[in-house]
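# Overview (structure and organization)
Each chain, written out:
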Amino acid sequence: MSIWLRNRQTGEQIAAQLELHVSKEQIAETECEWTGYRSSVPVETLSAIPESNDWNWLAKYEASLQGLTQFLGIRLEGKLQGMLQLDLVPRASRTNRYSVDHVLYVEYLETAPWNQKAYMDRHARFGGVGLELILGAIEMSVAHGCHGSLGLHSLPGALGFYLSLRFKDYGPDSSEEGLHYLELSPSDAVILKKESAK
Amino acid sequence: MKNSNIPLSRYEQMLRAEEECDSITAGRRAKFYSPAFRAAMEALKPVHKTEAEPLREPLVSK
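Every value quoted in this text rests on a predicted model; they were computed, and no experiment measured them.

### So, the overall build of chain B
- Within chain B, the regular secondary structure consists of three helices and one strand.
- Seen in sequence order, chain B has helices and strands lined up from the N terminus as α-β-α-α.
- In chain B, which comprises 62 residues, the share counted as buried stands at 26%.

Rendered as structure tokens:
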């Protein structure tokens, strides 16, 4: 599926591909590329240790329940620019606790290190990766009967991003080390899709 | 010259929010933070020194 990213240096829109089924081999290759890139940046040059610095996507794949989890990715210039792990088993929504609404839960989302401010400061390469991954997850949510609704726990550095995408903040979740739980309602998912149309 | 008073479109706002975040991440951090990373984070926390426990009399067995 064709999508658009933004070249942050030139401001140009660039066509990229949203892949709804990233394979184990692709994840292993990407893990090597991302880990190699992270280790090439001296830690002393980082203003803070990125929150996903020690994530291992291959380990996430190995630990996931096959068939009940899906990995989405965005490919540009032959590399994955971001990945998202989606739990395909609908969960009860917190938006309306008296209804039977369900959400698909985003287990993990990360942009490639060269697209992150923490590594690149003002030289991060491509923008819109996180947004397009969330839009892909919305499509999956629709396909699984959840009407575009999503739930996730945001790491602290990304909270502002999800709020800008109309996710509602349900506050710290003590069962997840105090990470904020956020949800995107079906109506806000529709609005987000319209707002993202370029 | 760009007019900075022109309001950004919602799309531009979302891209700006993405750019401003240190990293675009979601996930339960407990699972895949390595022991080395946790140790580094612990080292950044302020240290609260505790008083040393008083020495006990050595146990002498006869």
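Read on for the rest.
### Comments concerning the packing of helix H4 (residues 129–143) of chain A against helix H1 (residues 10–20) of chain B
- At a closest axis distance of 8 Å, the pairing of H4(A) and H1(B) adopts a crossing angle of 115°. One way to sum up the angle between H4(A) and H1(B) is to call them roughly perpendicular. Across the interface between the two elements, A:Val129, A:Gly130 and A:Leu131 of H4(A) pack against B:Tyr11, B:Met14 and B:Glu18 of H1(B).

### Let's talk about the pattern of salt bridges
Residues and elements named next belong to chain A.
- In this structure the tally under the stated criterion is 14 salt bridges over all chains.
- Of the charged contacts in the structure, one is a salt bridge between Arg 91 and Asp 87, with a shortest N-O distance of 2.9 Å.
- Beyond isolated ion pairs, a larger network of salt bridges with shared partners links Asp 87, Arg 91 and Glu 107.

### Points about unusual backbone geometry
Residues and elements named next belong to chain A.
- Located in the positive-phi region is His 147, a residue other than glycine, with phi close to 60°.
- Locating His 147 in the fold gives a position in the loop between H4 and strand S7 (150–154).
- Of note, the phi angle at Glu 177 is positive, near 55°, even though the residue is not glycine.
- Within the element layout of this structure, Glu 177 appears in the loop between strand S8 (168–173) and strand S9 (179–184).

### Let's talk about the packing of H4(A) against helix H6 (residues 186–196) of chain A
All names here are of chain A.
- For the pair H4 and H6, the least separation of the axes is 11 Å and the interaxial angle reads 135°. When the axes of H4 and H6 are compared, the pair comes out oblique. Where H4 crosses over H6, the two elements pack in a sense that is left-handed. The residues of H6 that touch H4, namely those facing Leu 131, Ile 134, Leu 135, Ile 138 and Glu 139, are Ala 189, Leu 192, Lys 193 and Ser 196.
- Per-class residue counts for the contact of H4 with H6 are six nonpolar, one polar and two charged.

Conventions used here
Residues numbered from 1 in each chain as written. Chains lettered and ligands numbered in written order. Predicted model: local features only at pLDDT ≥ 70, side-chain atom pairs only at ≥ 80, totals over all residues. Heavy atoms only, no water. Helix = DSSP H or I, 4+ residues; strand = E, 2+ residues; numbered from the N terminus. Buried < 20%, exposed > 50% of the residue type's maximum accessible area, 1.4 Å probe, protein only. Axes fitted to C-alpha atoms, helices over the stretch in contact; angles between N-to-C directions. Parallel < 35°, antiparallel > 145°, perpendicular 65-115°, else oblique. Contact = heavy atoms within 4.5 Å. Salt bridge = Lys/Arg side-chain N within 4 Å of Asp/Glu carboxyl O. Left-handed = near helix turned anticlockwise from the far one by under 90°. Nonpolar A, V, L, I, M, F, W, Y, C, P; charged D, E, K, R; others polar.

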